[in-house]
Amino acid sequence: MVDAGQLQILAVDIAREAGELARRRRTEGVALAATKSSLADIVTEADREVEQLIRDRLAAARPDDGFLGEESDPHPGTSGVTWVVDPIDGTVNYAYGIPHYAVSIAAVTGEPDPAGWIAQTAVVYTPVVDELFRASRGEGAWLGERRLQVSTVTDAGALLATGFGYDPATHDGDIARVRRLMPLARDLRRAGAASLDLAYVAAGRLDGYFERGLKPWDHAAGALLVTEAGGRLGGRPGGAPGADMTIAAGPELFDRMRELLEQ
Ligand code: LIP
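Residues numbered from 1 in each chain as written. Predicted model: local features only at pLDDT ≥ 70, side-chain atom pairs only at ≥ 80, totals over all residues. Heavy atoms only, no water.

I tried to follow the sheet that holds strand E6 (residues 118-126) on my own but got confused; where do I start?
Backbone-to-backbone hydrogen bonds pair the strands of a sheet. The strands run either parallel or antiparallel. Read from one edge of the open sheet, seven strands run E3-E4-E5-E6-E7-E8-E9, paired in mixed fashion. Each end of this open sheet is capped by a strand with a single partner; those strands are strand E3 (66-69) and strand E9 (146-147). Bridge count between strand E4 (residues 81-89) and strand E5 (residues 102-109): seven bridges; the pairing is antiparallel. The partner of Thr82 across the bridge, within E5, is Val108. Here helix H5 (residues 194-203) sits on the sheet and contacts E4, E5, E6, strand E7 (131-136) and E9; the angle it forms with E7, its principal contact strand, is near 75 degrees. Each of E3, E4, E5, E6, E7 and strand E8 (141-143) touches helix H6 (residues 216-228); the most contacted strand, E6, lies at about 100 degrees to it. (Pairing = 2+ DSSP bridges. Helix = DSSP H or I, 4+ residues; strand = E, 2+ residues; numbered from the N terminus. Contact = heavy atoms within 4.5 Å. Axes fitted to C-alpha atoms, helices over the stretch in contact; angles between N-to-C directions.)

Okay, structure coming up:
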């Protein structure tokens with residue numbers, strides 16, 4: 001039996017330490033370490049250093065757990081718990097000095113695959129504004145001591161968020177999806193960090209979010225925040241959130257968004 005409360009205590013402690021390291025490294029100056037899937041898909045030395053810190057702290061505390069992180073090799077583990085980690089979500093923001101990025105840490109059980117895992121606890125910590133979003137399965141989603149609840153959309157329309165992939169060849173399709181969703185929208189935001197977009201849906205700061213091309217570590221923690229705040233999360237009809245599509249919103253808006261995205 002997994003004690004999600006204990007996992008959350010560990011995740012909160014590590015996320016705060018990791019977030020402070022990321023913030024400090026940003027003030028010292030950021031060095032590009034490499035490019036990945038495209039020239040625009042970058043990783044900084046800080047991404048790698050922060051992920052290593054998180055990985056080391058988790059291994060010291062729970063040596064039998066698995067690890068799935070953006071910047072290092074996956075480790076299966078034997079405990080049934082896998083940590084899914086994006087050390088600095090919003091890497092391009094971070095590299096440009098835009099203070100909108102987060103440490104995203106989730107603990108899941110079952111297969112380390114979004115299609116089948118069960119998220120047990122989640123932390124999304126954005127160090128510049130010192131906001132720590134957290135949730136454990138069945139225990140609600142929280143920002144500090146405030147319990148989070150997704151919004152209900154008004155006649156003014158929905159405040160939607162989305163993102164665009166690093167591969168320019170995908171941008172036409174992304175823009176076409178934006179065009180299809182705009183009849184639902186009062187306005188659109190593109191802030192550059194999926195975990196914070198999802199946390200903001202959970203907090204009612206956004207009415208809905210959709211993005212194609214996300215990786216498991218981009219949405220693992222934010223997804224639990226959304227569902228524990230009364231929202232719905234999914235992808236293609238009947239599918240889990242993931243590379244094909246990730247959609248998050250309150251129940252009514254979710255169905256309308258998915259219908260238009262599937263046209
Ligand atoms: C980013 C996501 C963002 C998406 C970017 C990128 P990263 O993750 O948070 O929503 O639009 O393409 O995937 O690379 O900063 O960890």
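For this particular structure, what's the right way to read the sheet that holds strand E13 (residues 232-234)?
Strand order in the open sheet formed by five strands is E11-E10-E12-E14-E13, and the pairing between neighbours is mixed. Lying at the two open borders of the sheet, with one neighbouring strand each, are strand E11 (185-189) and E13. Neighbouring strand axes in the sheet, compared pairwise and without regard to direction, differ in orientation by 15 degrees on average. Examined bridge by bridge, E13 and strand E14 (residues 246-249) share three bridges and lie antiparallel to one another. Its bridge partner being in E14, Leu233 is matched across the sheet by Ala248.

Any chance you could explain the nonpolar core here in plain terms?
Nonpolar side chains in soluble globular proteins tend to be buried together. Core analysis: the biggest nonpolar cluster contains 36 residues, and Val84, Val124, Phe133, Leu148, Val201, Tyr209 and Leu225 have the highest contact counts within it. The set of elements that each furnish at least two residues to this core consists of E5, E6, E7, E8, strand E10 (158-162), H5 and H6. Apart from the residues within four sequence positions on either side, Tyr209 is in contact with Ala161, Thr162, Ala194, Asp197, Leu198, Val201, Leu214, Thr246, Ile247, Ala248 and Met257. The next biggest cluster of nonpolar side chains, apart from the first, holds 27 residues, and it includes Leu10, Leu58, Trp83 and Tyr125. (Core = buried A, V, L, I, M, F, W, Y, C linked by side-chain atoms within 4.5 Å. Buried < 20%, exposed > 50% of the residue type's maximum accessible area, 1.4 Å probe, protein only.)

Looking at this structure, I do not really get the side chain of Ser151. What am I missing?
One can find Ser151 in the loop between E9 and E10. Residues contacting Ser151, with those up to four places away along its chain left out, are Gly204, Leu206, Asp207 and Gly250.

What's the story with the packing of helix H4 (residues 171-181) against helix H7 (residues 251-261) in this structure? I'm lost.
How two helices pack is summed up by the angle between their axes together with the distance between the axes. Between H4 and H7, the least distance of the axes is 9 Å, while the angle of their chain directions is 130 degrees. Relative to H7, the element H4 lies oblique. Where H4 crosses over H7, the handedness of that crossing is right-handed. Each of Arg177, Arg180 and Leu181 in H4 lies in contact with H7, whose residues at this interface are Met257, Leu260 and Leu261. (Parallel < 35°, antiparallel > 145°, perpendicular 65-115°, else oblique. Left-handed = near helix turned anticlockwise from the far one by under 90°.)

Honestly, the side chain of Thr109 in this entry has me stumped. Any pointers?
For Thr109, the position within the fold is in strand E5. Judged by relative accessible area, which is 12%, Thr109 ranks as buried. Engagement of the side chain of Thr109 in a polar contact is seen with the side chain of Gln120, the distance being 2.8 Å. Those residues in contact with Thr109 that lie beyond four places of it in its chain are Val2, Gly80, Val81, Trp117, Ile118 and Gln120. (Polar contact = N/O pair within 3.5 Å; in protein donor to acceptor, adjacent residues only side chain to side chain.)

I keep staring at the site of the ligand and nothing clicks. Help me out?
The environment of the ligand is made up of 16 residues, and the closest members are Asp89, Tyr166, Arg190, Ala194 and Glu211. One nitrogen or oxygen atom from the side chain of Glu70 is found 3.1 Å from an oxygen atom belonging to the ligand. Here an oxygen atom of the ligand sits 2.6 Å away from a polar atom, N or O, in the side chain of Arg190. Protein contact buries 94% of the 380 Å² of open area that the ligand shows by itself. When residues of the shell around the ligand are traced back to their parent elements, those giving at least two are E4 and strand E12 (208-211). When its residues are assigned to classes, the shell around the ligand shows six nonpolar, four polar and six charged. Both domain 1 (4-147) and domain 2 (158-261) contribute no fewer than three residues apiece to the shell around the ligand. (Near = heavy atom within 4 Å. Areas by Shrake-Rupley, 256 points an atom, 1.4 Å probe, with all protein chains shown as cover. Nonpolar A, V, L, I, M, F, W, Y, C, P; charged D, E, K, R; others polar. Domains from an automatic or database assignment.)

These results come straight from atomic positions and should not be treated as a statement about function.
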